[in-house]
Amino acid sequence: MDDQIITIERHIVEQEREYPEATGVFSNLLYDIALAGKIIAREMARAGLVGTLGSTGEMNIQREEQMKLDVFANQTIIRMNSFTGRLAAMASEEREDVIDIPRGYGTGKYVLVFDPLDGSSNIDINATVGTIFGVYRRRSEEGPGTIADCLQKGRHTVAAGYIIYGSSTMMVYTTGKGVHGFTLDSGVGEFLLSHPDLRIPNTPRYSSVNHAYEAFRSEGAKRFGRWLQGIDEEDPREPLSERYFGALVADFHRTLLKGGIFYYPADSRYPEGKLRLVYEANPLAFIVEEAGGYASDGLQNILDVEPRDLHQRTPLFIGDRVLVEKAEQFIAKFD
Ligand code: AHM
Ligand code: MG
């Protein structure tokens, strides 16, 4: 195994062999996502050259400024997946409603939820951004997919992953049989297996949070932050070093590889939390659990939250199980 070169295509096929009843539809869906990731990575790499950078001047439905590359990433994923007959519907951070499969094209048994370009405020400084996705089996029997198909508990995820556009492009995915990371060799245009069977390290290395909003947070979240910093008087500990990109994918990726915790609690500006449950928190929660970690909204496992709305927000504590459970304890005690 050590000196083999394993492409993502081969890896997906080999994983599929473990399911004798598999038809190949699911594998093809994962290739399509990987291909969309390569197209987005290429566009990102040349964005500065062709003047793609900067704002379109439009606001997306979350009233945040939308960058041109967000639009490109969103369109690429939709175009790649609309006509294949593999999906019943899609949902994206950039679109208010469920994205239907165009009339005249067949529908399939899966739904795809995604954040096409997370952390977009990082684009114009050439810092890391990423695509997050989750795949579910549809619940409805046939015909166009429904919102209920997209609003499933994270626990029902059949595949989740992300593509991180950093100093190199990586795709990390799981189908519930380990978490595997692939690095894009842009010379040959292939994602090659570079991080088989990722497990979050047992020793936490970094904590990751935006301290600017400390004053807006609940007593429990504040105290948890102080505990991580080693300044809780009742329970002093070695402080955990901090890192914060301000792009969830990048902050999560580091947490997965190096160990530690990322958290974005609820606060008085965002009483429900800032991050989105369906296409941000759930896919990453599914990945972290598969890698030996844990994700919580502060009260319960994120994967057990019943989504009500496509763009629902949630507090998120994700990474090392012991640290995330400690956050839950602070919140239970003080909030
Ligand atoms: P978005 O770029 O899809 O809107 O995502 C929101 C981003 C996350 O990537 C990141 O974790 C968070 O917002 C950072 O928020 P803040 O600037 O408040 O720290
Ligand atoms: Mg996002």
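Just so you know, these numbers come straight off a predicted model, no measurement behind them. (Residues numbered from 1 in each chain as written. Chains lettered and ligands numbered in written order. Predicted model: local features only at pLDDT ≥ 70, side-chain atom pairs only at ≥ 80, totals over all residues. Heavy atoms only, no water.)

(A) Quick peek at the overall build of the protein. Counting secondary structure elements, the protein contains eight helices and 17 strands. Computed over the C-alpha atoms, the radius of gyration of the protein is 19 Å, within 12% of the 20 Å expected from 2.2 N^0.38 for a compact globule of 335 residues. For the protein, the C-alpha atoms occupy an extent of roughly 65 × 50 × 45 Å along the three principal directions. Of all 335 residues assigned to the protein, the portion counted as buried reaches 54%. Of the contacts made within the protein by residues no fewer than 6 positions apart, 63% connect residues no fewer than 24 positions apart. Approximately 14700 Å² of the protein is accessible, and the part contributed by carbon and sulfur atoms is 48%. Taking the 36 positively charged and 49 negatively charged side chains of the protein as two groups, their mean positions are separated by 1 Å. (Helix = DSSP H or I, 4+ residues; strand = E, 2+ residues; numbered from the N terminus. Rg over C-alpha atoms; globule rule 2.2 N^0.38 Å. Buried < 20%, exposed > 50% of the residue type's maximum accessible area, 1.4 Å probe, protein only. Contact = heavy atoms within 4.5 Å. Areas by Shrake-Rupley, 256 points an atom, 1.4 Å probe, with all protein chains shown as cover. Lys, Arg positive; Asp, Glu negative; His and termini not counted. Charge placed at Lys NZ, Arg CZ, Asp CG, Glu CD.)

(B) Up close: the coordination of the magnesium ion (ligand 2). Coordination of the magnesium ion (ligand 2) by the protein comes from Glu 93 (OE), Asp 115 (OD), Asp 118 (OD) and Glu 280 (OE), over a distance range of 1.9 to 2.7 Å. When the donor residues of the magnesium ion (ligand 2) are listed from N- to C-terminus, their spacing reads E-x21-D-x2-D-x161-E. Of this pair, Asp 115 sits in strand 5 (residues 110-118) while Glu 280 sits in helix 7 (residues 277-290), placing them 165 residues apart in sequence. Note on Glu 280: relative accessible area 1%, which makes it buried. (Donors = N, O, S within 2.8 Å, 3.2 Å for Na, K, Ca; no water.)

(C) Just the packing of aromatic side chains, in detail. Under the criterion given, the structure shown has 13 aromatic pairs. Between Phe 224 and Trp 227 the ring centres are 6.1 Å apart and the planes differ by 20 degrees, which places this aromatic pair in the stacked class. Note that Phe 224 and Trp 227 are positioned in helix 5 (residues 219-228) at a spacing of three residues, about one turn of the helix. Assigned by exposure class, Phe 224 and Trp 227 land together as buried. (Phe/Tyr/Trp six-rings, centres within 6.5 Å; stacked < 30°, edge-to-face > 60°.)

(D) Structural detail: the pattern of salt bridges. Taken as a whole and judged by the stated rule, the model has 13 salt bridges. One salt bridge in this structure joins Glu 214 and Arg 217, with 3.6 Å as the shortest N-O distance. With relative accessibility at 5%, the residue Arg 217 sits in the buried group. Note that Asp 251 is salt-bridged to Arg 254, the shortest N-O span being 3.0 Å. (Salt bridge = Lys/Arg side-chain N within 4 Å of Asp/Glu carboxyl O.)

(E) Looking closely at the pairing of strand 7 (residues 159-165). Summarising burial for strand 7: seven of the seven residues are buried, a large majority. What you see with strand 7 is no split at all: Ala 159, Gly 161, Ile 163 and Tyr 165 on one side and Ala 160, Tyr 162 and Ile 164 on the other are buried throughout. One ladder, built from seven bridges, connects strand 6 (residues 129-137) with strand 7; its direction is antiparallel. In the strand pairing of strand 7, Ile 132 is matched with Tyr 162. Pairing of strand 7 with strand 8 (residues 169-174), which is carried by six bridges, proceeds in the antiparallel orientation. Looking at strand 8, one finds that Gly 161 is bridged to Tyr 173. (Pairing = 2+ DSSP bridges.)

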